[in-house]
Amino acid sequence: MAAFTERMAPVLLLWLAVSLSGTWAVDKGNFKTCDQSAFCKRQRALKAGESPYRALLETMELTNTRLTLQLINDNNKVRLLLELYRLQGNITRVKINELKPLKPRYEVPDVLIREPPTEPLSLLSQDENGVVLSLGAETQRVIVSARPFRLDIMEGRDVLMSLNSRGLLAFEHLRMRKDTFSYKVTSTVASVWDNIKRVFSSQADPEAEKKEETDPANQAETAKEEEEKVEDGMWEETFKSHSDGKPNGPSAISLDFSLPGVEHVYGIPEHAETLRLKTTDNGDPYRLYNLDVFQYELYNPMALYGSVPVMLAHSAQRTTGIFWLNAAETWVDISSNTAGKTVFGKMLDYVQGSSETPQTDVRWISESGIIDVFIMLGPTPKDIFSQYASLTGTQAFPPLSSLAYHQCRWNYNDQEDVQTVDAGFDEHDIPYDFIWLDIEHTDGKRYFTWDPHKFATPKEMLQGLVDKKRKMVAIVDPHIKVDSNYKIHNEIRSRNFYIKNKDGGDYEGWCWPGSAGYPDFTRADMRDWWASMFAYDQYEGSMENLYTWNDMNEPSVFNGPEVTMHKDAMHGAWEHRDVHNLYGFYVQMATAEGLIQRSGGVERPFVLTRAFFAGSQRYGAVWTGDNAAEWDHLKISIPMCLSLGLVGISFCGADVGGFFKSPSTELLVRWYQTGAYQPFFRAHAHLDTPRREPWLFGPENTALIREAVRQRYTLLPYWYQQFYHTHQTGEPVMRPLWVEYPQDPATFALDDEFLIGRDLLVHPVTEEGARGVTAYLPGKDEVWFDVNSFQKHNGAQNLYIPVTMSSIPVFQRGGSIIPRKLRVRRSSTCMEHDPYTLYVALNPKRTAEGELYVDDGHTFNYEKKEFIHRRLSFANNVLSSVNLAPDAHFSTRSWIERIIILGASKPGKVTLTAGAQESQLEFEFDASMSVLTIRKPGMNAGVDWTVKLQ
């Protein structure tokens, strides 16, 4: 290893020099295209309409909870086992595996929050061509066709979704290599796995195994395998200087889905891409493979830091979803029969009476594992969010302070620097809650430590923040410096917790510390140990106001293939290729658990992760990675976070100002104005960029940034309520307009504006030198109020809005009530007991409604019903607050100090009733804007009250 280290040192230093320069864009040559990924190229070469798979209807077994059916590949006689489940909540699950694999194939654990509860399936009809099953609802059914195998989900006469309708199902079975040496090794491995399978045979169907063993078609399988063509990359492939040996041979899987009536599909983050996904016919598929991509390129399907294999399909009639539960490298192809048609072409089709129904076809290709897909049938967008949440859980409910502003850079130099920056915010009257420390705060990139010279007394530093009711985040990455004097490394090595290389030794790669080991977070005992390291007596210098940032957890390996881990590294019995996209998910899981445990289970954690997977929403926040100080990167932050919200991850943000390069003052201000209205609000910058604290760009720009940050703080009650709502329902906090206006095609592709909850519409200014923006205000029966001028605008129109550098176009929906706190202080915790102002926006066609949610802001006591949750409503000139949770108990010192009603008429008097007391209130009325301001009503925010306009 020492010789290897010496050889690699110059390479690493060159790599670092390039990276730290911050002037080069992504080198796309470092990352594979589909043609360079053997399994993707192999699968993409398959021709549609030539499916070799046939359903053996005589093998069908139907129980109260599932249907099982064997499929046979008529080309090689290999049999598969299809399992079909009807799940609660209008979800259908389809699993396909080898009937009798040489060894078990990987099935993703820990992502589902429980084994999904099933509902009965019933047989409606059967003949030699197929079977028809009821999905419970009278008109909803599944049709399984035999030759070729195909599965259609229907409602009435409408096909909602078809599987294998294009015949692109593929399942590369595990096999033995035919050269003698590999044959012996593989045979031995297969024998071991057969024994393991027998131990767990209680989970198998013994009758099916007996049948299969005596089936002549299976006995002929080995002979047939001999004839199969061995293609390049099936047993070994090389990318650049890296070789990937594949002891299990080819193991890819693929399945196509057809979506009639659909032209718009979304999701499958993370990509630097528009909200509406593009077709991939003329380029690469979208790739899902967690990678550390240096200064990523925009508007292409390259993989980035995280992967959520969930796609939503939407039309004015219905929303559906596909959750492809597979953690291996995955590619997603999208094609459409309307792609490329101009508006004129579509009109011509209409005039000519063209009968072609729009259709989108999607094909998923993964390198290993099994097919395990959840088909979410909606029918509404909010049904989809509920269905997906029932599978993978909802967004963790964050501490209120984590929804405020975060100040970060690589790196604050020392404790004095931290203290100076902290004081600078007070001096310039800009609130903030968290200051962050990057990798340089450690002792030589040894995580869980502090630099003994620059951060000699961390508790003193943290206490200084506590005194101001502020907090800190420190980075803890999952690559561990190989150093016999480093406690963390010694513990991991002694417990045999490191990932292994294919020869059985500890896997080592290069990262920030130099030579590093990578803990195997797929192991529950490793995660338990990692969590224990966050205890206050283990993580020296830590305190209750220190939280955690997990970076580089794709995992990033500087000298590895595609800057990540070799696929033939081993996690126990499984190759890294099987689990790759889960690694960051497990790192964040273990870290969040550590922060919970250190407080005895009392305090909610805050953990930011760069890499993620389905289910990562349960453990904290994500950000969009190493962006650049460019206008297009500001613009792309909106669809990137919208896409994440659609698949459950609401706590998303982008580095304000851009990580690489230096923003112009105009770009920096516009980025603060945009970030203030995105869920995770953090400024961050590269080591080599000039300092960019908010007060360094002149008094005028300082004032503009201050105002943007203050707007965030005034809206914290609304943000917190929205996060409570997403924690309960799975509905995204930051959401595309089509989620609330699903029948309005004008909203389907919009991604330069968005909603926060239902009631705030935001169209940030993201164009350089902009003098105006055009915002689409949805809803023909809606009215929208400019939150700054209170001017009213009708819905269902494109509104041109002149802008200056101080403008942040934000609108409140008529028919809504939004609570704010207008007394902005140095941190959110300082505002805990401050009063509320209620903004009531009227729409004469409906009751105005809103909510107020209050708890302690940081513990899990809300799970014990320690909170206030109130319904605010305005109807028939009466504004009222009623308890939504009569069984909950909590008290607050906050009160209502002001009520502002937009779109109001002038009353003769205003009367408050709270308990048995009634009093008249002072008010002002602006007739020119129809704005009524009621001052000092003074009632406690947690009690019942009514305010009547007469």
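This is a predicted model, so every value here is computed, not measured.

Draft legend 1. Just helix 8 (residues 381–392), in detail. For helix 8, with 12 residues, the first-to-last C-alpha span of 17 Å sits near the 16 Å given by 1.5 Å per residue. Within helix 8 the residues assigned to the buried category are Pro381, Ile384, Phe385, Gln387, Tyr388, Ala389, Leu391 and Thr392. Looking one or two residues beyond helix 8, the residue adopting positive phi is Gly393, at roughly 90 degrees.

Draft legend 2. Looking closely at the sheet that holds strand 26 (residues 508–511). Strand order in this open sheet of three strands is 25-27-26, and the pairing throughout is antiparallel. Strands at the two margins of the open sheet, each flanked by one partner only, are strand 25 (480–481) and strand 26. Bridge count between strand 26 and strand 27 (residues 514–517): four bridges; the pairing is antiparallel. Directly across from Trp510, in strand 27, lies its bridge partner Ser515.

Draft legend 3. Up close: the UniProt feature "domain: Glycoside hydrolase family 31 TIM barrel" (unreviewed entry) in the chain. Mapped onto this structure's residue numbering, the UniProt feature "domain: Glycoside hydrolase family 31 TIM barrel" (unreviewed entry) falls at residues 396–721. As annotated, residues 396–721 has a helix share of 33% and a strand share of 13%, and its two end C-alpha atoms lie 13 Å apart.

Draft legend 4. Representation of the packing of helix 17 (residues 699–714) against helix 18 (residues 716–729). Where helix 17 meets helix 18, the axes come as close as 5 Å, and the angle between the chain directions of the two elements is 55 degrees. Between helix 17 and helix 18, the angle is such that the two are oblique. Every residue of helix 18 that contacts helix 17 at Arg712, Tyr713 and Thr714 is listed here: Leu716, Pro717 and Trp719. Within the contact of helix 17 with helix 18, the residues separate by chemical class into four nonpolar, one polar and one charged.

Draft legend 5. Up close: the sheet that holds strand 47 (residues 868–875). An order of 51-50-54-48-47-46-44-45-49-53-52 is seen for the 11 strands of this open sheet, with the pairing classed as mixed. The two strands at the open ends of the sheet, each matched to only one other strand, are strand 51 (917–920) and strand 52 (922–926). The mean angle between the axes of side-by-side strands here comes to 20 degrees, regardless of whether they run parallel or antiparallel. In this sheet, strand 48 (residues 878–883) lies alongside strand 47 in antiparallel orientation, the contact comprising six bridges. Residue pairing across strands places Ala875 opposite Val878, the latter belonging to strand 48.

Draft legend 6. Spotlight on the side chain of His633. Along the chain, the position of His633 falls in helix 15 (residues 631–646). Apart from residues no more than four positions distant in its own chain, His633 is found in contact with Tyr296, Leu298, Asn627, Ala628 and Trp671.

Draft legend 7. Spatial organisation of the nonpolar core. In terms of nonpolar packing, the biggest core is built from 176 residues, with Phe323, Trp530 and Tyr672 touching the most fellow members. The contacts of Trp530, once residues within four sequence positions are left out, are Phe448, Val476, Asp477, Pro478, Ile480, Phe521, Val587, Ala590 and Thr591. Judged by nonpolar contacts, the second largest core, of 49 residues, contains Leu135, Val142, Phe149 and Leu288.

Draft legend 8. Spotlight on the domain arrangement of the chain. On domain assignment, one finds that the chain holds domain 1 (43–172 + 248–392), domain 2 (405–477 + 521–732) and domain 3 (835–949). Its C-alpha centre places domain 1 at a distance of 34 Å from the equivalent point of domain 2. The interface of domain 1 with domain 2 comprises 52 residues on the first partner and 54 residues on the second. Per-residue buried area on domain 1 facing domain 2 is highest for Tyr106, Asp292 and Tyr305; these three make up 15% of the total on that side.

Draft legend 9. Representation of the state of the cysteines. Inspection of the entire model under this criterion finds two disulfides. Here Cys34 connects covalently by a disulfide to Cys40, the sulfurs 2.0 Å from one another. Residues Cys34 and Cys40 are joined by a disulfide whose S-S torsion is about -100 degrees; by sign, that bridge is left-handed. Overall, Cys40 belongs to the buried group, its relative accessible area being 0%. Cys511 forms no disulfide, and the closest cysteine sulfur to it belongs to Cys408, at a distance of 17 Å.

Draft legend 10. The pairing of strand 14 (residues 253–260), seen in detail. Among the eight residues in strand 14, seven count as buried, and that is most of the element. Taken together, the two bridges between strand 10 (residues 158–163) and strand 14 define a ladder with antiparallel strand orientation. Residue pairing for strand 14: Leu163 is matched across the bridge by Phe257. Bridge analysis of strand 11 (residues 170–171) against strand 14 gives two bridges, and the strand direction is antiparallel. Bridging from a neighbouring strand, Ala170 pairs with Ser254 of strand 14. Bridging between strand 14 and strand 20 (residues 359–366) involves eight bridges; their strand directions are antiparallel. For Asp256, the partnering residue across the bridge sits in strand 20 and is Arg363.

Draft legend 11. Geometry of the side chain of Asp433. Structurally, Asp433 can be placed in the loop between helix 9 (415–427) and strand 23 (434–437). Here Asp433 is buried and forms no salt bridge, its nearest opposite-charge partner Lys471 lying at an N-O distance of 4.9 Å. Engagement of the side chain of Asp433 in a polar contact is seen with the side chain of Tyr713, the distance being 2.7 Å. Those residues in contact with Asp433 that lie beyond four places of it in its chain are Ser401, Ala404, Tyr405, Arg470, Lys471, Tyr713, Ser827, Ser828 and Thr829.

Draft legend 12. Broad picture of unusual backbone geometry. With an omega of 15 degrees, the peptide bond between Gly378 and Pro379 qualifies as cis. Here Pro379 lies in the loop between strand 21 (371–376) and helix 8. Residue Asn411 follows Trp410 across a cis peptide bond; omega there is 10 degrees. Within the element layout of this structure, Asn411 appears in the loop between strand 22 (405–407) and helix 9. One non-glycine residue with positive phi stands out, namely Lys77, at about 70 degrees. Within the fold, Lys77 resides in the loop between strand 2 (67–73) and strand 3 (79–87). By relative accessible area, which is 29% here, Lys77 ends up partly exposed. Look at Asp429: it is not a glycine, yet its phi comes out positive at around 55 degrees. Position of Asp429 among the secondary structure elements: in the loop between helix 9 and strand 23.

Draft legend 13. Structural view of the packing of aromatic side chains. As enumerated under the stated definition, the model contains 51 aromatic pairs in all. Ring centres 5.8 Å apart and planes at 50 degrees place the aromatic pair Tyr405 and Tyr672 in the tilted group. Here Tyr405 is found in strand 22, whereas its partner Tyr672 is found in helix 16 (residues 665–675), with 267 residues between them in sequence. Comparing Tyr405 with Tyr672 shows no difference in burial state: the two are buried. A ring pair is formed by Trp436 and Trp549, whose centres lie 5.3 Å apart and whose planes are at 70 degrees; its orientation type is edge-to-face.

Draft legend 14. Main features of the packing of helix 16 against helix 17. Contact geometry for helix 16 and helix 17: axes closest at 8 Å, N-to-C directions at 10 degrees. Relative to helix 17, the element helix 16 is oriented roughly parallel. Residues Thr665, Leu668, Val669, Tyr672, Gln673 and Gly675 of helix 16 pack against Asn701, Leu704, Ile705, Ala708, Val709 and Arg712 of helix 17. Residues of the contact of helix 16 with helix 17, tallied by class, amount to seven nonpolar, four polar and one charged.

Draft legend 15. Spatial organisation of the pattern of salt bridges. Tallied over the entire structure, the rule returns 67 salt bridges. Arg66 is the salt-bridge partner of Glu83, the closest N and O atoms lying 2.6 Å from each other. Of this pair, Glu83 sits in strand 3 while Arg66 sits in the loop between strand 1 (53–62) and strand 2; the two residues are 17 residues apart in sequence, bridging distant segments of the chain. Arg66 gets classed as partly exposed once you look at its relative accessible area, which sits at 27%. Note that Arg577 and Asp244 form a salt bridge whose closest N and O atoms lie 2.7 Å from each other. Of this pair, Arg577 sits in helix 13 (residues 576–579) while Asp244 sits in strand 13 (residues 242–245), and the two are 333 residues apart along the sequence. According to the relative accessible area criterion, Asp244 is buried, its value standing at 9%.

Cut-off values and rules
- Residues numbered from 1 in each chain as written.
- Predicted model: local features only at pLDDT ≥ 70, side-chain atom pairs only at ≥ 80, totals over all residues.
- Heavy atoms only, no water.
- Helix = DSSP H or I, 4+ residues; strand = E, 2+ residues; numbered from the N terminus.
- Expected span 1.5 Å × (residues − 1).
- Buried < 20%, exposed > 50% of the residue type's maximum accessible area, 1.4 Å probe, protein only.
- Pairing = 2+ DSSP bridges.
- UniProt positions renumbered as here; feature names shortened; annotations may be inferred.
- Axes fitted to C-alpha atoms, helices over the stretch in contact; angles between N-to-C directions.
- Parallel < 35°, antiparallel > 145°, perpendicular 65-115°, else oblique.
- Contact = heavy atoms within 4.5 Å.
- Nonpolar A, V, L, I, M, F, W, Y, C, P; charged D, E, K, R; others polar.
- Core = buried A, V, L, I, M, F, W, Y, C linked by side-chain atoms within 4.5 Å.
- Domains from an automatic or database assignment.
- Buried area = accessible area lost by both parts, 1.4 Å probe.
- Disulfide = S-S within 2.5 Å.
- Lys, Arg positive; Asp, Glu negative; His and termini not counted.
- Salt bridge = Lys/Arg side-chain N within 4 Å of Asp/Glu carboxyl O.
- Polar contact = N/O pair within 3.5 Å; in protein donor to acceptor, adjacent residues only side chain to side chain.
- Phe/Tyr/Trp six-rings, centres within 6.5 Å; stacked < 30°, edge-to-face > 60°.

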